Amino acid sequence: MDKHIIDKAKRIFEDYLSRQGSRKTPERFSVIDELYALPQDEHIDVENLFLKMRNKGYTISRATIYNTLDLLVECGLAVKHQFKDKVALYEQALTYKHHDHHVCNQCRKIREFSDARINDIKEAMGKSLDSKITSHSLVLYGDCVIEDCENLKLG
Ligand SMILES: [Zn+2]
Ligand SMILES: [Zn+2]
């Protein structure tokens, strides 16, 4: 990930923490470094982020990672997902446009997709419900029939 993007994310976070009167600890900022170092389409849970950071020599607790991720969600720098049967997963959000997810029932792999028709439905439903729709989430669960489905590999 572009250093420029990480710097921008840190400025947004710094402003947010100032407004909240929260402490600007280096540990909190290091969570941005690590979340934004991941591939854009990666979704990570607290435990895996913790292990990754511990392996890199950070001294940070799970609780700090958990709390920081929630702060990042509040200021729009991360998105949190709660997929069926999975622990909460987080992904970076600053330059990543909205997308929806497909979760495989078998291998649990998460794939992303976006389709303009979903946006059309959103607008149409907003009209019919007299609502200014601000966001949506759509998760499709299915059995993937792609070659790298772990289930097919096992089978
Ligand atoms: Zn995603
Ligand atoms: Zn699969």
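Relevant structure appears above.
Residues numbered from 1 in each chain as written. Chains lettered and ligands numbered in written order. Predicted model: local features only at pLDDT ≥ 70, side-chain atom pairs only at ≥ 80, totals over all residues. Heavy atoms only, no water.

Caption draft 1: Representation of the nonpolar core in the model. Phe13, Ile65, Leu69 and Leu72 are the most contacted members of the largest nonpolar core, which has 27 residues in total. Within the residue set of this core, elements represented by two or more residues are helix 1 (3-20), helix 2 (26-37), helix 3 (46-55) and helix 4 (62-74). Once residues lying within four places of it in the same chain are set aside, the contact partners of Leu69 are Val31, Leu35, Val46, Leu49 and Tyr90. (Core = buried A, V, L, I, M, F, W, Y, C linked by side-chain atoms within 4.5 Å. Buried < 20%, exposed > 50% of the residue type's maximum accessible area, 1.4 Å probe, protein only. Helix = DSSP H or I, 4+ residues; strand = E, 2+ residues; numbered from the N terminus. Contact = heavy atoms within 4.5 Å.)

Caption draft 2: Inspection of the coordination of the zinc ion (ligand 1) at higher detail. Taken together, the protein donors to the zinc ion (ligand 1) comprise His43 (NE2), Glu91 (OE), Glu91 (OE), His99 (NE2), His101 (NE2) and Glu112 (OE), at separations of 2.0 to 2.4 Å. For the zinc ion (ligand 1), the six donor atoms in the first shell make angles of 54 to 171 degrees at the metal, so the coordination geometry reads as irregular. All donors of the zinc ion (ligand 1) belong to a single chain; written as a sequence motif, their spacing is H-x47-E-x7-H-x1-H-x10-E. The same class applies to His99 as to His101, namely buried. (Donors = N, O, S within 2.8 Å, 3.2 Å for Na, K, Ca; no water. Tetrahedral: all angles 85-135°; square planar, octahedral: opposite > 155°, others 65-115°.)

Caption draft 3: Structural view of the layout of surface pockets. Taken as a whole, the largest pocket holds about 260 Å³ of empty space. Residue lining of the largest pocket: 19 residues in total, with Val79, His81, His98, His99 and His136 positioned closest to the centre. Contributions of two or more residues to the lining of the largest pocket are made by strand 1 (78-81), strand 2 (89-92) and strand 3 (100-104). Considering every element that reaches the lining of the largest pocket, the biggest residue donor is strand 1, with three residues. The residue makeup of the lining of the largest pocket, split by class, is six nonpolar, nine polar and four charged. (1 Å grid on protein atoms, 1.4 Å probe; cavity = no way out; pocket = protein on both sides within 12 Å on 5 of 7 lines; lining within 4 Å. Points joined across faces, edges and corners; volume = space filled by probe spheres on them. Nonpolar A, V, L, I, M, F, W, Y, C, P; charged D, E, K, R; others polar.)

Caption draft 4: Just the pairing of strand 2, in detail. Burial along strand 2 is two-sided: the residues Leu89 and Glu91 and Tyr90 and Gln92 are all buried. Summarising the sheet, strand 1 and strand 2 pair through four bridges and their orientation is antiparallel. Residue pairing across strands places Ala78 opposite Gln92, the latter belonging to strand 2. (Pairing = 2+ DSSP bridges.)

Caption draft 5: Inspection of the pattern of salt bridges at higher detail. As enumerated under the stated definition, the model contains six salt bridges in all. A salt bridge links Glu34 to Lys56, with the shortest nitrogen-to-oxygen separation between them at 2.7 Å. Of this pair, Glu34 sits in helix 2 while Lys56 sits in the loop between helix 3 and helix 4, and the two are 22 residues apart along the sequence. Salt-bridge contacts for Lys80 lead to Asp70; the nearest nitrogen and oxygen are separated by 3.8 Å. Here Lys80, found in strand 1, pairs with Asp70, found in helix 4; they are ten residues apart in sequence, far enough to count as distant. Judged by its relative accessible area of 35%, Lys80 falls in the partly exposed class. Residue classification places Asp70 among the partly exposed residues on the basis of a relative accessible area of 22%. (Salt bridge = Lys/Arg side-chain N within 4 Å of Asp/Glu carboxyl O.)

Caption draft 6: Up close: the environment of Phe13. As for its placement among the helices and strands, Phe13 is situated in helix 1. Judged by its relative accessible area of 0%, Phe13 is buried. Each C-alpha atom of the pair Phe13 and Ile133 lies 26 Å from the other, and the pair is 120 residues apart in sequence.

Any link to function would need more than the numbers given here.
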